[in-house]
Amino acid sequence: MYTVSDFVVDRLIEWDLHRFYGFPGDGIGGLDGALGRAEEAKKDFRYIRPTHEELAALMATAHAKFTGEVGVCIATSGPGAVHLMNGLYDARGDNQPVVAIVGQQARVAMGSDFQQELNMERLFGDVAEFVKTVTTPMQAQLVLDKAIRVAETSRQPCVVILPADVQDLEMEKPSVKHFVSRSGAGHTSTRICPPMDELQRAADVLNAGKKVTMLVGQGAMGATDEVLAVADRLGAGVITALLGKAVVPGDVPYHSQQLGLLGTKPSWDQMQDCDTLLMVGSNFPYAEFLPPTGQARGVQVDLRPTHLGIRYPMEVNLWGDARATLTALLPLLRQTEDLGWQEWVAKEMVTWEKMVQNAAMVDGHHINPRLVFHHLNKQLPSDAIITADAGTTADWYGHHIRLGRNQMGSLSGSLATMLGAMPYAVAGKFAYPDRPVVCTIGDGAFQMLGMNELITIKRHWHEWPNKTFIVLVLHNSDLNQVSWELREAGNPRWDTAQQVEDMDYARYAEGLGFTGIRVEDPGQVEDAWREAFASERPVLLDVITDKNIPPLPPHVTFEQAKSVAISVFHGDPDSGQVISNSARAVASQLFARMGGTLRRDDE
């Protein structure tokens, strides 16, 4: 008998979706059985079972980010469905197309408070753009097709709910009858382009600018050439949001990297001085880092109309795909002869890069975490995929990693969930098994669920043609980002909340058959990376780092400085090191800026 579950598997494949992240259970048992039959029949798909449903949803989100395809995750009813929620909210916050297929108790049990019965449509109603329960076999085609299409076009998660009894019913082809909808599998174009008169309005604003700055986000993925062509035409400086870091190569001299607390001072300076702002595929939310109201004329391009005009008062809002819109806009833009603004940004970046390098060389109580990322950036292979977590690894990733044109990097952005680096890295490796992958994660996030996924890697790493999979654990026995946030808010760090239980992560990795490298001395860092990249099996780098190296923002406000001072003088247990390391970090900035000033004067 050809069941509804058999149809679901085949339909996903027909939609050209071939990798499913899931965790089994009796509430989704019919689909589990169909997946087993399909695997035995050697159908074109891969089912990957991580150690937790939350990881499955995060992997589906990462798959969407790294491939541009719809990510698929599968879970049982009740607790399995609940566990998906964090990963689905990650997809929602970062505008990623994900379809979750979840089990439910049999239709006859609904409303009876049966074991593991939940109101699934209410549960997923906030996170999903579309959520629907399949109540008859004939309806399965419509619900699945619509979920995939809506996820793809809205770039949001969608949920298909399969009651246990429906999963095992014989599939019925939709009939030509009243009430019956007949759907088809087929991708919808999202290459939306605004009309010519709107493009001309935008061009008029941009052509009038003398100091144009582009803020580019992940919505511009795949439009690197178009972004650079527009920047060259306008003589614009370019800033990338953290999720859009990979859009513009790190070696472009007028690319000042990120904006905000994880950004650079040249990006801050651009925003304070520009007279025109062009936002492309970004929903950057932090108003204090954008130009003051009225300073700059604004143009925004975004595929999600709900993102338009809500972060800065834009003069022209273009609803469209980044690549298609920039391609249509380019012929309307005049070639500027004055590259002074762009050259100024490039000079500022030379000074910033010197400051970043100086900051990495500051001695710490243990190893300066900046030094670890400094050496990683120098050795990162040209086709590598790198992930960061939502803690201080995100700061060091933003400050020190310069992604090349063929490299990829990502993290949980809007949701900024801890532990995302690990499932993101695993999904990246499954999507591109011939590429090296580096996961950077703090020990707090690693203990959350990251350690579990070494078990998934143990199960699969022999299959990968490229064996390079490196997990960098910043071992500081502290929930470090939160400790600094406490200080910034004027509260002292306290061990009861912030201390992470110490353990030997390298030995843990060795117990799973991997290479474990413990690094305790700054002089060992460069060689440790060299050894890790040369290894023929997965590697865990257990690096003992200083928890009191400050992740200073590019523009430290008086209020922030005052709050940290209040915290360290009111009982922060690490006050001495905080003061010492902060002073050294500030000194490194001052020396770099002084050097840049002297050099420009000489010229």
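On a predicted model such as this, the values are computed, not experimentally measured, just so you know.

Conventions and cut-offs
Residues numbered from 1 in each chain as written. Predicted model: local features only at pLDDT ≥ 70, side-chain atom pairs only at ≥ 80, totals over all residues. Heavy atoms only, no water. Salt bridge = Lys/Arg side-chain N within 4 Å of Asp/Glu carboxyl O. Helix = DSSP H or I, 4+ residues; strand = E, 2+ residues; numbered from the N terminus. Buried < 20%, exposed > 50% of the residue type's maximum accessible area, 1.4 Å probe, protein only. Pairing = 2+ DSSP bridges. Axes fitted to C-alpha atoms, helices over the stretch in contact; angles between N-to-C directions. Contact = heavy atoms within 4.5 Å. Phe/Tyr/Trp six-rings, centres within 6.5 Å; stacked < 30°, edge-to-face > 60°. Lys NZ or Arg CZ within 6 Å of the ring centre and 35° of its normal. pLDDT = per-residue confidence, 0-100. Parallel < 35°, antiparallel > 145°, perpendicular 65-115°, else oblique. Nonpolar A, V, L, I, M, F, W, Y, C, P; charged D, E, K, R; others polar. Core = buried A, V, L, I, M, F, W, Y, C linked by side-chain atoms within 4.5 Å. Expected span 1.5 Å × (residues − 1). Disulfide = S-S within 2.5 Å. Polar contact = N/O pair within 3.5 Å; in protein donor to acceptor, adjacent residues only side chain to side chain.

All told, the structure shown has 21 salt bridges when counted by the stated rule. For aspartate 6, the salt bridge goes to arginine 37, with nearest N and O atoms at 2.9 Å. With a gap of 31 residues between them, aspartate 6 in helix H1 (residues 4-14) and arginine 37 in helix H2 (residues 29-40) connect regions that are remote in the sequence. Its salt-bridge partner being arginine 201, residue glutamate 198 comes within 2.9 Å of it at the nearest N-O pair. Of this pair, glutamate 198 and arginine 201 are both found in helix H9 (residues 196-207), three residues apart, which corresponds to roughly one turn of the helix. Taking the relative accessible area as the measure of exposure, glutamate 198 reaches 23% and is therefore partly exposed. A relative accessible area of 38% places arginine 201 in the partly exposed class.

A few words now on the sheet that holds strand S10 (residues 297-302). Think of a sheet as strands paired side by side through backbone hydrogen bonds, with each pair either parallel or antiparallel. Read across the open sheet, the five strands follow the order S8-S7-S9-S10-S11; overall the sheet is parallel. Each edge of the open sheet is held by one strand with a lone partner, namely strand S8 (237-240) and strand S11 (316-319). The sheet shows a mean angle of 15 degrees between the axes of neighbouring strands, direction not considered. The sheet contacts of helix H11 (residues 265-273) involve strand S7 (212-216), S8 and strand S9 (276-280), and relative to S8 the element is tilted by about 120 degrees.

Let's shift gears to the packing of aromatic side chains. Scanning the model with the defined rule gives nine aromatic pairs in all. Seen in terms of ring centroids, tryptophan 341 and tryptophan 344 are 5.1 Å apart; in terms of plane orientation they differ by 25 degrees. Their pairing is stacked. Here tryptophan 344 and tryptophan 341 lie together in helix H13 (residues 340-360), a separation of three residues that amounts to about one turn. Its relative accessible area of 8% is what places tryptophan 341 among the buried residues. Ring centres 5.7 Å apart and planes at 80 degrees place the aromatic pair phenylalanine 430 and tryptophan 464 in the edge-to-face group. Taken together, the positions of phenylalanine 430 in helix H16 (residues 421-431) and tryptophan 464 in the loop between helix H17 (443-460) and strand S15 (469-475) put the pair 34 residues apart, joining distant regions of the chain. A relative accessible area of 2% places tryptophan 464 in the buried class. Feature note: the residues Tyr21, Phe430, Trp464 and Phe469 constitute an aromatic cluster, connected by ring pairs. Positioned above the aromatic ring of tyrosine 397 is the side chain of lysine 245, whose terminal nitrogen or guanidinium carbon lies 5.4 Å from the ring centre. Here the guanidinium or amino end of arginine 435 rests over the ring plane of tyrosine 432, the centre of that ring lying 5.4 Å away.

Moving on: the confidence of the model for the protein. Averaged over every residue, the pLDDT of the protein is 90; the share at 70 or more is 91%. Segment residues 578-603: pLDDT under 50, and 41 contacts once partners within four positions in sequence are set aside and those in other chains are kept.

It is worth spelling out the packing of H13 against helix H14 (residues 369-379) at this point. The relative placement of two packed helices comes down to the angle between their axes together with the axis-to-axis distance. Between H13 and H14, whose axes approach to 7 Å, the crossing angle comes to 125 degrees. Considering their axes alone, H13 and H14 lie oblique with respect to each other. Judged by residue contacts, Gln357, Ala359 and Ala360 of H13 engage Arg370, Leu371 and His374 from H14. For the contact of H13 with H14, a count of residues per class yields three nonpolar, two polar and one charged.

Looking at where proline 492 falls in the secondary structure, it is placed in the loop between helix H18 (480-488) and helix H19 (495-498). Judged by relative accessible area, proline 492 falls into the partly exposed class, the value being 25%. Along the sequence, proline 492 and valine 150 sit 342 residues apart, while their C-alpha atoms lie 47 Å from each other.

Moving on to unusual backbone geometry. Even without being a glycine, aspartate 16 presents a positive backbone phi close to 70 degrees. Tracing the backbone through its elements, the reader meets aspartate 16 in the loop between H1 and strand S1 (19-22). The class of aspartate 16 is partly exposed, set by a relative accessible area of 47%.

The next point concerns the nonpolar core. With 57 residues, the main nonpolar core has Phe124, Phe446 and Val471 as its most contacted residues. With eight residues, the single largest contributor to this core is helix H3 (residues 53-67). Leaving out residues up to four positions away in the same chain, phenylalanine 124 has contacts with Ala81, Met85, Leu88, Val102, Val131 and Val159. Counting residues in hydrophobic clusters, the runner-up holds 48 residues, among them Leu206, Val230, Val248 and Val345.

The subject of this paragraph is H9. The terminal C-alpha atoms of H9, which comprises 12 residues, lie 16 Å apart, in line with the 16 Å expected from a rise of 1.5 Å per residue. Along H9, the positions that sit buried rather than exposed are Leu199, Ala202, Ala203, Val205, Leu206 and Asn207. In this structure, the buried side of H9 is in contact with S7, helix H10 (224-234), S9, S10, S11 and helix H12 (322-329).

Scanning all chains against the criterion turns up zero disulfides. Cysteine 73 supplies the cysteine sulfur nearest to cysteine 158, a cysteine that is in no disulfide, at a spacing of 11 Å. On the basis of relative accessible area, cysteine 158 is assigned to the buried category, the value being 0%. Cysteine 73 supplies the cysteine sulfur nearest to cysteine 439, a cysteine that is in no disulfide, at a spacing of 20 Å. Taking the relative accessible area as the measure of exposure, cysteine 439 reaches 0% and is therefore buried.

Turning our eyes to something else, we now look at the environment of aspartate 478. Its location among the elements puts aspartate 478 in the loop between S15 and H18. A sequence separation of 21 residues divides aspartate 478 from glutamine 499, and the C-alpha atoms of the two residues are 4.7 Å apart. The residues touching aspartate 478, leaving out its near neighbours within four places in the chain, are Asp443, Ser483, Arg493, Gln498, Val500 and Lys547. In this structure the side chain of aspartate 478 is engaged in a polar contact, spanning 2.9 Å, whose partner is the side chain of asparagine 480. In terms of polar contacts, aspartate 478 uses its side chain to reach the side chain of serine 483, at 2.9 Å.

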